[in-house]
Each structure stands twice: as C-alpha cells, then as structure tokens.
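# Examining the three-dimensional arrangement
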Amino acid sequence: MPKSLASLSPKLSYGYTKMNISKSGYRVFSANSSTASTELAKRITERLGVELGKSVVFQEGNRETKVDVKESVRGQDIFIIQTIPRDVNTAIMELLIMAYALKTSCAKNIIGVIPYFPYSKQCKMRKRGSIVCKLLASMLAKAGLTHIITMDLHQKEIQGFFTFPVDNLRASPFLIQYIQEEIPDYRNAVIVAKSPSSAKRAQSYAERLRLGLAVLHGEAHHSESDMADGRQSPPLSRTSTGHTGLELPSPRHQIPFPGIALPIMMAKEKPPISVVGDVGGRIAIIIDDIIDDVEDFVAAAEILKERGAYKIYIMATHGLLSAEAPRLIEESAIDEVVVTNTVPHEIQKLQCPKIKTVDVSMILAEAIRRIHNGESMAYLFRNIAVDD
C-alpha cells in the first residue's frame, strides 16, 4: 500500500487518501524522451502510490518525435508530466504529440503537469515580435489538453491566455522552509529584490519570514518593460533621414489647420547600480522566480558584498542555469544557489557544488490527487499572498 504523504514530510503534509491502483481511474504519464527528465515524474508517482503509465517517447533518425501509448486510457483522467530540459522545442513537441495521442485514444480529461512553463518570458509584445506564450497556450488547447498544473508563472497574467483552467502553484512554502532550516542565523538576514520589478515577490517572502527588505536598482539590471509594447519605434528626433510616418507635413502639403507637434522622445538612462536598504553585516537572500543567465545575479552579489553583506544566497523556483552559469556561480561571491526540481539540473550540480535542490514533488502529487477527486485546491494556496 502507498505511504501517506504525511509520513514523507511532517512539516509540509497534505490530506491523502490511499487508492487501489487498478481502480484509481487515472493514469500518470511522462512525455520526456530523456531519462534525466523523468526523475520528477517518478517522484510524483511514488508519492501517489501509482505506477508511471506505459508509453514510449523517442526521436526518429530525422529528429521527428514519435509517441506510442502502451495501455488503454479510454474514459480516464490522464496526467502528463513534462519537465522542460535544455532542448525546449523538442519537449514541447513531445507534450503536444502525446496529448493528441491520448485525445484520439478517448481519454476523458488530459491534464498537463508542466512545473516550468516554457516561453513564459515571451508574454509581452516586444516591438514587432509576438506573444509566443499565447501561441503555445493555443497549441496546447488544440492538442487536447483540458487543464494545466504549473508552478510560479513568470507573469500571473499568463493564465488569461488559456481557454481552460490553469492552477499556478507556488514554491514559496518550500523555499521558506529551506531558509528556516538550512540557513544558520537566518534571523540576521535581509530579503533582496534583484530589481524593482521583483520587489513585490521579495516583500512577500520578507513579511512571512519577518525580515527586512532591500532592493537593487541601477544599470546592471534590465527591465522587461523597456521594450514591452513597441513604443520605442519612433525616432528620437525629427532630423532622421528616411520616411518614418511621424514627420509633420511639409510646407508644400500643409493642411488648413496646424499639425500636432510630437514631443521629443527621451531615452531612458538608469543610474549606477545601488542598494536601497541596509545589508551591512547581514545575510543577503536574493529572491527571484527564474535563474537562467547569471550575470545579473553575479553583479548583484558583488555589490551586496561591497555594501557589507557577509553571505549571499539566491533562491529561485526554476533553475534553468544555461550556458556558463555553473562556472560563473562557482567563481562568484555567491555562497549558495537554491532552486527547486521543476527543471532537471543534475549536470549543473556536478559542475558547481554551490547549487542546492528543493523537492516540490509533494505539492504536485497532491494537486493531481485533488483534481482527480474533484476536491478544492484552496488548501494548496493557504497563506499565499497575491504578489507571491
């Protein structure tokens, strides 16, 4: 019989009902073709006390993705766990093809468990680009998904892109527990926002831990809103050559009423990087949702060290850790980087012992159980602030 979730972690336990595997009425599949990416799916099924669904996902010689479901799914709730490795586009195709295969096999409901939602940073219009995150939401719906479970979306408004329910779980209870249990003298810490745009998230952590708050502001950090809606496309002055569509009418083509003079568009100029708040003689804990390219975090750690912080921790939900991130972290003033296992990063951990992992399979397993049983999800969001 499966162990209860309460016995697996006394501090973060959720209500759990033991189920007979053959009569559970649902199946859990992994859509990943790589072994390293199925680790989270195995942890979730162990907590649920069910076996991972039998399927084969692989790449043909020409790199086409092929999915073969090896058991009946007719009339059942199907949960597809898809972690996103470095090869993002392959993982998306694996998910789409598996969802469509299950749809054509008459599955009752198809729920995608996507802890890190890819392309979530491309959720705003940037000049003449596109909102790729909305496109992906439409593709998932077309493939047959009826529900999504994810964690710490880059922007909560992404949920509005979907035509079906989205449960955006939070990793903050697990990260806060890590701070309380694994950081000695955490009462002498200060929560740091890497940029003003992440201040609300940092404030939520600071309030629950009863700690102070500091905010980094300056040139080393690039705001996502700088190029958000294409308003930088007009020229900065009226002396530019070529037709821009914004010049005032020439005297030869004057209209009866005077034209409207456009104001000169001043470029943004950020001040030198500075720290708003006192970090002297304190432990600095930088909070963010994603850590990918780490140059900004390394620069932030150097500034915090200069201002007197004697230890630097980085806490993030999704540890993408691309390119040279492990090497840069190892050589930096950062003492520890703590991320969850929403994204596989075992190779990065071997390259950099400063990287630590927090397991969030418990809350994902409980979300699956509650959705299948038609129970309220409110318990999973207790004490969660709106800005978290």
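Each residue is numbered by its place in its chain's sequence as written, counting from 1. Under the rules for a predicted model, residues below a pLDDT of 70 receive no local features and side-chain atom pairs below 80 are neither given nor counted, while totals for whole chains, interfaces and linings still include all residues. Side-chain numbers come from the whole structure's heavy atoms, not from hydrogens or water.

Formally: UniProt positions are given in the numbering used here, feature names are shortened, and annotations may be inferred rather than shown by experiment.
With an unreviewed UniProt entry as reference, the chain is termed Phosphoribosyl pyrophosphate synthetase associated protein 1, source organism Neogobius melanostomus. Turning to the chain, the UniProt annotation filed under Sequence similarities (unreviewed entry) states: "Belongs to the ribose-phosphate pyrophosphokinase family."

### Structural notes on the packing of helix α5 (residues 172-182) against helix α6 (residues 199-209)
This is how it is decided: The axes used here are C-alpha line fits, helices contributing only the stretch in contact, and every angle between their N-to-C directions lies in the interval 0 to 180 degrees. Numbering of helices and strands runs from the N terminus, with a helix taken as a DSSP run of H or I at least four residues long and a strand as a DSSP run of E at least two residues long. Should an angle fall under 35 degrees it is called roughly parallel, over 145 degrees roughly antiparallel, and 65 to 115 degrees roughly perpendicular, with every other angle called oblique. Handedness of a crossing follows from how the near helix is turned relative to the far one, being left-handed for an anticlockwise turn of less than a right angle and right-handed for a clockwise one. Contact between two residues is taken to exist if any of their heavy atoms lie within 4.5 Å; hydrogens are not considered. For this scheme, ten residues count as nonpolar: Ala, Val, Leu, Ile, Met, Phe, Trp, Tyr, Cys and Pro. Four count as charged, namely Asp, Glu, Lys and Arg, and the remainder, Gly too, count as polar.
With their axes 11 Å apart at the nearest point, α5 and α6 run at an angle of 50° to one another. In terms of their interaxial angle, α5 and α6 are classed as oblique. Classified by chirality, the crossing of α6 by α5 is right-handed. Contact residues: α5 offers S172, L175, I176, I179 and Q180, while α6 offers Y205, R208 and L209. Here the residues of the contact of α5 with α6 sort into five nonpolar, two polar and one charged.

### What to know about α6
Test applied: Type-normalised accessible area, obtained with a 1.4 Å probe on protein chains alone, sets the label of each residue: buried when under 20%, exposed when over 50%, and partly exposed for intermediate values.
What α6 keeps buried is the set A199, R201, A202, S204, Y205, A206 and L209. One or two positions beyond α6, positive phi appears at R210, with a value near 60°.

### Looking at the layout of surface pockets
Counted only if it meets this: Here the term cavity refers to a set of points on a 1 Å grid, laid over the protein atoms alone, in which a 1.4 Å probe fits but cannot get out; the term pocket refers to an open set having protein on both sides within 12 Å along at least five of seven lines, with lining residues being those that place an atom within 4 Å of a point. Grid points are joined across faces, edges and corners, and a volume is the space filled by probe spheres set on the points.
Roughly 510 Å³ of volume is contained in the second largest pocket. Together, 23 residues line the second largest pocket, and I84, P85, R86, D87 and V343 are the ones closest to its centre. For the lining of the second largest pocket, the element with the highest residue contribution is helix α9 (residues 346-351), accounting for three residues. Its residues assigned to classes, the lining of the second largest pocket comprises 11 nonpolar, seven polar and five charged.

### Examining the sheet that holds strand β7 (residues 166-169)
This is how it is decided: The criterion for strand pairing is that DSSP finds at least two bridges linking the strands in question.
If you walk across this open sheet you meet the five strands as β1-β4-β5-β6-β7, and the pairing is parallel. Every interior strand has two partners, whereas the edge strands, β1 (26-30) and β7, have only one. Taking each pair of neighbouring strands and ignoring which way they run, the sheet shows an average axis angle of 15°. In this structure, β1 lies alongside strand β4 (residues 77-81), joined through five bridges in parallel fashion. Residue pairing for β4: V28 is matched across the bridge by F79. Contacting β1, β4 and β5 (109-114), helix α3 (residues 88-104) crosses the sheet at an angle of about 170° to β4. Along the sheet face, helix α10 (residues 361-373) touches β1, β4, β5, β6 (147-151) and β7 and points at about 160° away from the line of β6.

### Concerning the confidence of the model for the chain
Detailed reading of the predicted coordinates is not advisable wherever pLDDT falls low. Note the cut-off: Each residue carries a pLDDT score, the predictor's own confidence in it, on a scale running from 0 to 100.
Residues at a pLDDT of 70 or more form 83% of the chain, whose mean pLDDT is 85. Taken as a whole, residues 15-22 scores under 50 in pLDDT and shows 22 contacts with residues more than four places along the chain or in a different chain. For the stretch residues 221-248, pLDDT sits under 50, and the model shows 42 contacts to residues farther than four places along the chain or on other chains.

### A word on the side chain of R201
The cut-off we apply is this: Two residue types count as positive, namely Lys and Arg, and two as negative, namely Asp and Glu; His and chain ends fall outside the count. Definition used for salt bridges: Asp or Glu carboxyl oxygen within 4 Å of a side-chain nitrogen of Lys or Arg.
Position of R201 relative to the elements: it lies in helix α6. For R201, which is buried and forms no salt bridge, the nearest opposite charge comes from D289, at a distance of 4.1 Å. Each residue touching R201, except ones within four places of it in the same chain, is listed here: D152, L153, I287, D288, D289, D387 and D388.

### With respect to the sheet that holds strand β13 (residues 336-340)
The seven strands are arranged β10-β9-β8-β11-β12-β13-β14 in an open sheet whose pairing can be described as mixed. Each of the sheet's edge strands pairs with one partner strand only, and the pair in question is β10 (274-276) and β14 (355-358). Between one strand and the next, the sheet's axes are offset by a mean angle of 30°, whatever the strand orientation. For β13 and β14, the ladder comprises four bridges, and the chain directions are parallel. Note that in β14 the partner of T340 across the bridge is V358. Running over the sheet, α5 touches β11 (283-291), β12 (311-319), β13 and β14 and is turned about 155° from β12. Its contacts with the sheet put helix α7 (residues 295-306) on β8 (189-193), β9 (212-217), β10, β11 and β12, and the angle it makes with β11 is roughly 170°.

### A short note on the side chain of N168
Here is the rule we go by: Polar contact is defined as a pair of N or O atoms within 3.5 Å, subject to the rule that within protein one atom must be able to donate a hydrogen and the other to accept it, and that residues adjacent in sequence are counted only when both atoms are side-chain atoms.
Along the chain, the position of N168 falls in strand β7. With relative accessibility at 4%, the residue N168 sits in the buried group. Reaching out from N168, the side chain makes a polar contact with the backbone nitrogen of D152 at a distance of 3.0 Å. Residues contacting N168, with those up to four places away along its chain left out, are T150, M151, D152, L153, K156, Q159 and F381.

### Describing the environment of D185
By the secondary structure assignment, D185 is in the loop between α5 and β8. Here D185 falls in the partly exposed class, since its relative accessible area comes to 48%. Considering only alpha carbons, one finds D185 and I283, 98 residues apart in sequence, at a separation of 8.5 Å. Once you skip the residues sitting within four places of it in the chain, D185 turns out to touch I283 and Y310.

### Overview of empty space enclosed by the protein
Scanning the model with the defined rule gives two cavities of 30 Å³ or more in all. Taken together, the elements giving at least two residues each to the lining of the second largest cavity come down to α3 and α4 (132-143). Residue classes in the lining of the second largest cavity are distributed as eight nonpolar, no polar and no charged.

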